[in-house]
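# Structural characterization, general
Spelled out, the chains give:
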Amino acid sequence: MVHLKIPLNPPFTKGEFIPLFGKEGLGEILYGGSMYKIIITFIFLFYAIPVHAIDGAELLKQVDRNLNPESYESYRKLINIEPDGRKKEFTLFTVKKGVDKVAFLFLAPASENGRSSLRIGDNMWLYIPNVGKPIRTTSLQSIVGGVFNNADILQLDYAAEYNVEQTEETGGEYLLHLKAKTKTVAYDRVKMWVDKNKKVPTKIECLTEANMLIKTLYFKEIKDFGSGIVRPSVIETDSPLYKGYKSVMILAKIKKREFKDEVFTLTFMPNIETLR
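The structure reproduced in this document is the subject of the present report.

## What to know about the environment of L156
Looking at the element boundaries, L156 is found in the loop between helix 3 (150-153) and helix 4 (158-161). Separated by 35 residues in the primary sequence, L156 and G121 have C-alpha atoms spaced 7.9 Å apart.

So, in structure tokens, the structure goes:
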């Protein structure tokens, strides 16, 4: 609540006009008269009206749920595009439970068939048939190459990894300034532009702690997937660190589905195919 003080120094005498808001003011008030009381009352009522700030943390949680149900299965295509126009495509079957458990299985190309990846919190693994136990990977690595890294492909809830430091309104969008909760998160800082009406991202900038741009994600082509899931179906990314390269993620299907905890274990990684 803001309290407005109008200084009366040096003292004014009854019947004298006092400048309102500055030397020249936006008008004058008659000190000691009834109009003075009315105006002062109006000013205090005006400034006493509480301004409800945007709850950034709650908005971020809403964005998470609008992008994905808390637990779901999905089919995606990932396309890496090189500067000369050459493309490499992957098809992924993905499952997720809660805010920090996600896994996917390669369905194509044939050379990747049977491989799977698992993420639990900040820990990630890659399973390759006939290699033995799963191999540890990191969030900044990319098991598919291209601009998307493992953290982008095995995306957790943003609210699980980031705190909202600041929220702004920019026309028809909100701008969320996010800070990583731990040093193990892929990006130290994130700027997220959110559509005010749909409550989904339109653009995300991924930054270092020093605010150097690592990559930009563009969310496009809103699609109704049924069961209340209405979200961008295409995510494109580029990076000043990989000039001329581009990666695209296309969401073909997504639906709510519950899973047992055992699905998100190292021993189950060879068996993700059985969930289809």
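Next comes the rest of the account.
## Some thoughts on the side chain of S71
When you line up the elements, S71 lands in the loop between helix 2 (56-67) and strand 3 (72-81). At 3.4 Å, the side chain of S71 and the backbone nitrogen of G98 are in polar contact. Residues in contact with S71, not counting those within four places in the same chain, are K96, K97, G98, K255, K256, R257 and E258.

## Some remarks on the packing of aromatic side chains
For the structure on display, the rule yields five aromatic pairs. Here Y158 and Y162 contribute two aromatic rings whose centre-to-centre distance is 6.5 Å and whose plane-to-plane angle is 35 degrees, an arrangement assigned as tilted. When sorted by exposure, Y158 lands in the same class as Y162, which is buried. A network of ring pairs unites the aromatic residues F90, F104 and F106 as a single cluster. The ring of Y174 has K196 lying over it, and the distance from NZ or CZ to the ring centre is 5.5 Å. The cationic tip of K203 hangs over the ring face of W193; the distance from NZ or CZ to the ring centre is 4.3 Å.

## Some words on helix 2
With 12 residues, helix 2 extends 16 Å from end C-alpha to end C-alpha; this agrees with the ideal 16 Å at 1.5 Å per step. Those residues of helix 2 that fall on the buried side of the exposure criterion are G56, L59, L60, V63, D64 and L67. Angularly, the buried residues of helix 2 cover 145 degrees about the axis, an arc narrow enough to put them on a single face. N-capping of helix 2 is provided by D55, with a side-chain oxygen placed 3.3 Å from the backbone N of A57.

## Re the nonpolar core
Formed by 37 residues in total, the largest nonpolar core has its most connected members in I153, Y158, Y162, M192 and I204. Once residues within four sequence positions are removed from consideration, M192 is found in contact with L60, V63, Y158, Y174, L175, L176, L178, P201, K203 and I204. In this structure, W125, F264, F268 and L275 belong to the second largest nonpolar core, which totals 14 residues.

## Quick look at empty space enclosed by the protein
For the structure shown, the criterion picks out two cavities of 30 Å³ or more. Here the largest cavity defines a volume of roughly 340 Å³. As for the largest cavity, its lining consists of 25 residues, of which N68, R76, Q155, R231 and I235 are closest to the centre. Mapped onto the lining of the largest cavity, the elements with two or more residues apiece are helix 2, strand 3, helix 3, strand 13 (213-224), strand 14 (230-238) and strand 15 (246-256). Of the residues in the lining of the largest cavity, the class split is 15 nonpolar, five polar and five charged. Space inside the second largest cavity adds up to approximately 90 Å³. Lining the second largest cavity are 14 residues, with D152, Q155, Y158, Y162 and Y187 positioned closest to its centre. Elements supplying a minimum of two residues to the lining of the second largest cavity: helix 3, helix 4 and strand 12 (201-207).

## Description of unusual backbone geometry
The amide bond that connects A108 to the next residue, P109, takes the cis arrangement and shows omega of 0 degrees. Secondary-structure assignment places P109 in the loop between strand 5 (101-108) and strand 6 (116-120). Phi is positive for S227, which is not a glycine, with a value near 55 degrees. Mapped onto the elements of the fold, S227 is located in the loop between strand 13 and strand 14. We classify S227 as exposed; its relative accessible area is 64%.

The rules we used
Residues numbered from 1 in each chain as written. Predicted model: local features only at pLDDT ≥ 70, side-chain atom pairs only at ≥ 80, totals over all residues. Heavy atoms only, no water. Helix = DSSP H or I, 4+ residues; strand = E, 2+ residues; numbered from the N terminus. Polar contact = N/O pair within 3.5 Å; in protein donor to acceptor, adjacent residues only side chain to side chain. Contact = heavy atoms within 4.5 Å. Phe/Tyr/Trp six-rings, centres within 6.5 Å; stacked < 30°, edge-to-face > 60°. Buried < 20%, exposed > 50% of the residue type's maximum accessible area, 1.4 Å probe, protein only. Lys NZ or Arg CZ within 6 Å of the ring centre and 35° of its normal. Expected span 1.5 Å × (residues − 1). Arc of directions from axis to C-beta. Core = buried A, V, L, I, M, F, W, Y, C linked by side-chain atoms within 4.5 Å. 1 Å grid on protein atoms, 1.4 Å probe; cavity = no way out; pocket = protein on both sides within 12 Å on 5 of 7 lines; lining within 4 Å. Points joined across faces, edges and corners; volume = space filled by probe spheres on them. Nonpolar A, V, L, I, M, F, W, Y, C, P; charged D, E, K, R; others polar.

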